[in-house]
Amino acid sequence: MTTGEEASTTQSRIKAIDGVELGAALAGAAWLVLYGVLLAATRNSPNGSRFVGEVLYLVPIAAAAALSVVAARRTRQRVRTAWRLLVASNSLWLLGESIWAFYTYTTPGGAPVPSIADAVYLASYACALPAIVIGLGLVLVGRAQGLVDALLVAAGAAAIGWQLVIGPLLPSDWNAATLVTFIYPVLSVSIVSILVAVLLSGSKSIPASMILVGAAFGVSAVTDAAYAYITVVREYASSSWVNLGWQGEAVLLCLAAVVAARRSEADKPGVIDPDITLLPAVVAVLAVGGLAAADLILVGRLSEVTLAVSVLLLLGLLVRQVVAARDRTRLTQQLRTAAVTDQLTGLHNRRFFQEMIGLEAERAARRRTPLSLVLVDLDHFKAVNDTFGHSVGDAVLIDIAQRLRRACRASDLICRYGGEEFVCLLPGTDAAGAAELAERMRATVGGAPVLVRGGDCIDLTASIGVATAEPGTDGQVDIDALVNAADMAVYQAKDLGRDRVVASAWHPRPAVDADLQLPAALVWMSDRIDRALGDGSPGAAVSRWARLTAERLGLDEAAQRNTAAAARVRDLGRILDLAAPPATRPDPEADGRDAQCAARLLVELADRPDLAQLVAAHREWYDGSGAPTGCAGAAIPIEARIIAVCDAWARAPADVSGGFDAAESRRRLLRDRGIRFDPVVVDAFLSLVDEGVIGLAPMPGPVAGLDGTPKP
């Protein structure tokens, strides 16, 4: 419980005590004072003392029985069960006292011992004992150390109670009367022992009403012992001050019922206070020491009872140590598991992967065996979160995680790497074996749609990178190089159209990037922006299409290279969109601000003003209605007109099955031919598509249409 919760709880309790509970407590205290005054006033009046000791005596007991019924109705769960038993206990107590009063008024010499009243009293205790156990003790069930603690404290308290309360009352001659008189303090001491055991076992989940009930029976234990002592030395009378103790018990039971009813008590989580779990052992030691001291002072030697209790408590302490050690081991394992487990998917997390790859790298170097890594990145997963919400996205991640787990072998380690990325460590697996497993994982991800709530089906694919390390001549495995190689392989898979496996060991980078003369960091940043926004084909694919179109149109080699380079980084300016929520991102076609931003970056970071003018103009429309300058026709560089057509094809719409809708994409290009796009460029581009030189746009899942409108 936090400090704020504790303060709130304390304030609520104080508020309750200031009202009805405080009134009940004051009324109970006033009754005890009044009853004590009446006992003293009628001490010399047989009829008056009998009326006070037998009739008025029933008032708080009757109130306790009635209030117990209210408490049983207002409480819940195990507390209600306890109060139902207390209803029976208090009702039996009232019945027993009524029978005793009847004997007193009708039988000369008072009630016999034993009598029907004693049988009813014992039945009352028989109901009270399980009520206390249920109300106080069941919070320890399922916690072995708590049970051992409770037993230790109960044994110590019972031993002390026996020595101080019960032992002196042991009669020399046993008969029915002495047996009944002896049983009362035994039952009371048992109840008090249970109360002390639970209070000192470290539990914070004891209902307040049950504590008051325990206190009531504590008063009863002392009163029963006093009654047993009185019956030994002289005859019990209705005017005895012992009655005041039982009246106190009844008042406490009334107050407990009021508290339970007012607070509608129920089960609380079983929280253990670690600061007081040492107390059971302390109580056990003090109990043995106290018993030994009492024996040496009173009889000059240790009694058999003290020795027996000492042995039992010692065994209990040993058991407690064993249980505590077991609990600590289990807790340590649970904490360790939680620290290395991803809470959402149940897979191991990145921290565990980093630990294990170090160990496996050392093993691979020692044994001179290969170590492979498979990095899985779900394609367009951001669109799932944007379209369906993060809760559905979480459900999809859980489903994919289970698919990947099933695809892996027993010797493989599959972990969640972060976000929509998963990583699989393959000890002793060469490049071919890793590629085979990666292909199986890719097929597992895309083999069937993910069914989410509401009956929606989501088709997903994955871009997978594979890297394999062979221990070098120095016998070492470069972990950073291995991870970076797998990461770069994922980028290559994205660039080549997604939904594929690329192994860094046997797939070269596309030749189209070799002569673009672009800074690697700038290309990397453009790819990351494209990956984050996820609403178009990879820059590498658009760059390749642009170069092929420029070649078809007869542009020279330098123009082809510049067209491909500008297309590769055309979306650099959309870095401005990353900070905005998807719903509020501006349309990149609206004012061309992203193109202008990309142009500035190319000038300032790459010193390529020749490419900057091409990127800045690729948002212009052929009829002059575009942005940012509104130029038209031949005033727009031919390279920019080519990039515009390739970019539009890259942002193609999806059909009803989630695949590429080639017919609709062609229709839109032809619709805007002469308006947005240069007719000559459109015809050249579509001829390449018809010839199969340019393939379908690799854009599965939710993408943006040619008009910039997001498609479901």
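Draft legend 1. Here's a closer look at the overall build of the protein. Helix and strand content of the protein: 25 helices and seven strands. Per-residue burial for the protein yields a buried fraction of 49% across its 712 residues. Counting contacts in the protein only where the partners sit at least 6 residues apart, residues at least 24 apart contribute 73% of the total. Carbon and sulfur atoms make up 62% of the accessible area of the protein, which totals about 32,000 Å².

Draft legend 2. Representation of a nonpolar patch on the surface. A contiguous nonpolar patch, built from Phe51, Val55 and Tyr105 and spanning about 260 Å² of accessible area, is present on the exposed surface. For phenylalanine 51, a relative accessible area of 40% translates into the label partly exposed.

Draft legend 3. Focus on the pairing of strand β1 (residues 371-378). For β1, a buried count of eight out of eight residues is recorded, marking the element as mostly surrounded by other parts of the structure. Residues Leu371, Leu373, Leu375 and Asp377 point to one face of β1 and Ser372, Val374, Val376 and Leu378 to the other, with burial holding for every one of them. Pairing between β1 and strand β3 (residues 421-427): seven bridges, direction antiparallel. Opposite valine 376, over in β3, you have phenylalanine 422 as the bridge partner. Note that β1 and strand β6 (residues 462-469) share eight bridges and pair antiparallel. Counted as the bridge partner of leucine 375 is glycine 465 from β6.

Draft legend 4. Representation of the pattern of salt bridges in the model. By the definition in use, this model includes 23 salt bridges. Here aspartate 571 and arginine 619 are joined by a salt bridge, their closest N and O atoms 3.8 Å apart. Residue aspartate 571 is found in the loop between α19 (557-568) and α20 (588-591), and its partner arginine 619 is found in the loop between α22 (609-617) and α23 (638-650); the two are separated by 48 residues along the sequence. The pair aspartate 571 / arginine 619 is uniform in exposure class, with both members buried. Across the salt bridge formed by arginine 673 and aspartate 683, the nearest N and O atoms sit 2.8 Å from each other. Within this pair, whereas arginine 673 is found in the loop between α24 (662-671) and α25 (679-690), its partner aspartate 683 is found in helix α25, the two being separated by 10 residues in sequence. For aspartate 683, a relative accessible area of 37% corresponds to the partly exposed category. Linked through salt bridges whose partners overlap, the residues forming this network are Arg570, Asp571, Arg619 and Asp647.

Draft legend 5. Layout of the side chain of arginine 570. Mapping arginine 570 onto the fold places it in the loop between α19 and α20. Given the relative accessible area of 2%, arginine 570 is considered buried.

Draft legend 6. Layout of the sheet that holds strand β2 (residues 413-418). Taking strand neighbours across the sheet as the criterion, the five strands line up as β2-β3-β1-β6-β7 in an open arrangement whose pairing is mixed. The sheet is open, and its two borders are formed by β2 and β7 (501-503), each paired with just one other strand. When strand polarity is set aside, the average angle formed by the axes of neighbouring strands in this sheet is 20°. Taken strand by strand, helix α15 (residues 431-446) contacts β1, β2, β3, β6 and β7, and its axis lies near 165° from that of β6.

Draft legend 7. Quick look at the packing of helix α14 (residues 390-407) against α15. As a packed pair, α14 and α15 sit with axes 9 Å apart at the nearest point and diverge in direction by 145°. When you trace α14 past α15, the crossing you get is right-handed. Taking contact as the criterion, the partners of Ile400, Arg403, Leu404 and Ala407 in α14 are, on α15, Leu437, Arg440, Met441, Thr444 and Val445. Here the contact of α14 with α15 is built from residues that sort into six nonpolar, one polar and two charged.

Draft legend 8. A look at α23. An ideal rise of 1.5 Å per residue puts 18 Å on 13 residues; α23 measures up with 19 Å between its terminal C-alpha atoms. Within α23, burial applies to Glu639, Ala640, Arg641, Ile642, Ile643, Ala644, Val645, Cys646, Asp647, Ala648, Trp649 and Ala650.

Draft legend 9. Geometry of the environment of glycine 428. Assignment of secondary structure puts glycine 428 in the loop between β3 and α15. Accessibility expressed as a relative area gives 52% for glycine 428, which makes it exposed. For the pair glycine 428 and arginine 368, spaced 60 residues apart in sequence, the C-alpha to C-alpha distance is 9.2 Å.

Draft legend 10. Region of interest: the packing of α24 against α25. Running from N to C, α24 and α25 point in directions that differ by 160°, and their axes come no closer than 10 Å. Between α24 and α25, the interaxial angle falls into the category roughly antiparallel. Classified by chirality, the crossing of α25 by α24 is left-handed. In contact with Arg666, Leu669 and Leu670 of α24, α25 contributes Val682, Phe685, Leu686, Val689 and Asp690.

Draft legend 11. Structural view of the confidence of the model for the protein. In the predicted model, the protein carries a mean pLDDT of 76, and 68% of its residues have values of at least 70. Considering each helix and strand of the protein separately, the mean pLDDT is smallest for helix α6 (residues 144-166), with a value of 53, and largest for β3, with 94. Low pLDDT, under 50, characterises residues 138-142; the predicted model gives this stretch 10 contacts beyond four residues in sequence or across chains. Low pLDDT, under 50, characterises residues 505-512; the stretch is placed with 14 contacts to residues that sit more than four places away or in other chains.

Draft legend 12. Region of the structure containing the packing of aromatic side chains. With the rule as written, the count across this model stands at three aromatic pairs. Seen from their ring centres, phenylalanine 353 and tyrosine 417 are 5.7 Å apart, and the 90° between their planes marks the pair as edge-to-face. Of this pair, phenylalanine 353 sits in helix α12 (residues 350-367) while tyrosine 417 sits in strand β2, and the two are 64 residues apart along the sequence. Of the two residues, phenylalanine 353 and tyrosine 417, neither departs from the other in class, the shared state being buried. Plain terms: the ring middles of tryptophan 649 and phenylalanine 685 are 5.4 Å apart, the flat faces sit at 65° to each other, and that makes the pair edge-to-face. Residue tryptophan 649 is found in helix α23, and its partner phenylalanine 685 is found in helix α25; the two are separated by 36 residues along the sequence. The same class applies to tryptophan 649 and to phenylalanine 685, which are both buried.

Draft legend 13. Seen up close, the pairing of β2. The element β2 is extensively covered by neighbouring structure, given that five of its six residues are classed as buried. Taken together, the five bridges between β2 and β3 define a ladder with antiparallel strand orientation. Counterpart to isoleucine 414 in the pairing with β3 is cysteine 424. What sits between β2 and β3 in their antiparallel hairpin is a turn of two residues, with glycine 419 showing a positive phi close to 60°.

Draft legend 14. Region of interest: the side chain of threonine 42. Turning to its location among the elements, threonine 42 is positioned in the loop between α1 (3-41) and α2 (46-56). Relative accessible area serves as the criterion here: at 13%, threonine 42 is assigned to the buried category. Separated by 2.7 Å, the side chain of threonine 42 and the backbone oxygen of leucine 38 make a polar contact. Among residues more than four places away in sequence, those in contact with threonine 42 are Gly48, Ser49 and Val52.

Draft legend 15. The arrangement of unusual backbone geometry in detail. Positive phi, close to 65°, is recorded for arginine 498, a residue that is not glycine. Turning to its location among the elements, arginine 498 is positioned in the loop between α16 (479-495) and β7. Since its relative accessible area comes to 3%, arginine 498 is described here as buried. If you check the backbone angles, aspartate 607 has positive phi at about 55° while not being a glycine. Tracing the sequence through the fold places aspartate 607 in the loop between α21 (593-606) and α22. When its relative accessible area of 61% is taken as the criterion, aspartate 607 is described as exposed.

How each quantity is defined
Residues numbered from 1 in each chain as written. Predicted model: local features only at pLDDT ≥ 70, side-chain atom pairs only at ≥ 80, totals over all residues. Heavy atoms only, no water. Helix = DSSP H or I, 4+ residues; strand = E, 2+ residues; numbered from the N terminus. Buried < 20%, exposed > 50% of the residue type's maximum accessible area, 1.4 Å probe, protein only. Contact = heavy atoms within 4.5 Å. Areas by Shrake-Rupley, 256 points an atom, 1.4 Å probe, with all protein chains shown as cover. Patch = residues over 30% accessible without salt bridge, like charges linked within 9 Å, V, L, I, M, F, W, Y side chains within 5 Å. Salt bridge = Lys/Arg side-chain N within 4 Å of Asp/Glu carboxyl O. Pairing = 2+ DSSP bridges. Axes fitted to C-alpha atoms, helices over the stretch in contact; angles between N-to-C directions. Left-handed = near helix turned anticlockwise from the far one by under 90°. Nonpolar A, V, L, I, M, F, W, Y, C, P; charged D, E, K, R; others polar. Expected span 1.5 Å × (residues − 1). Parallel < 35°, antiparallel > 145°, perpendicular 65-115°, else oblique. pLDDT = per-residue confidence, 0-100. Phe/Tyr/Trp six-rings, centres within 6.5 Å; stacked < 30°, edge-to-face > 60°. Polar contact = N/O pair within 3.5 Å; in protein donor to acceptor, adjacent residues only side chain to side chain.

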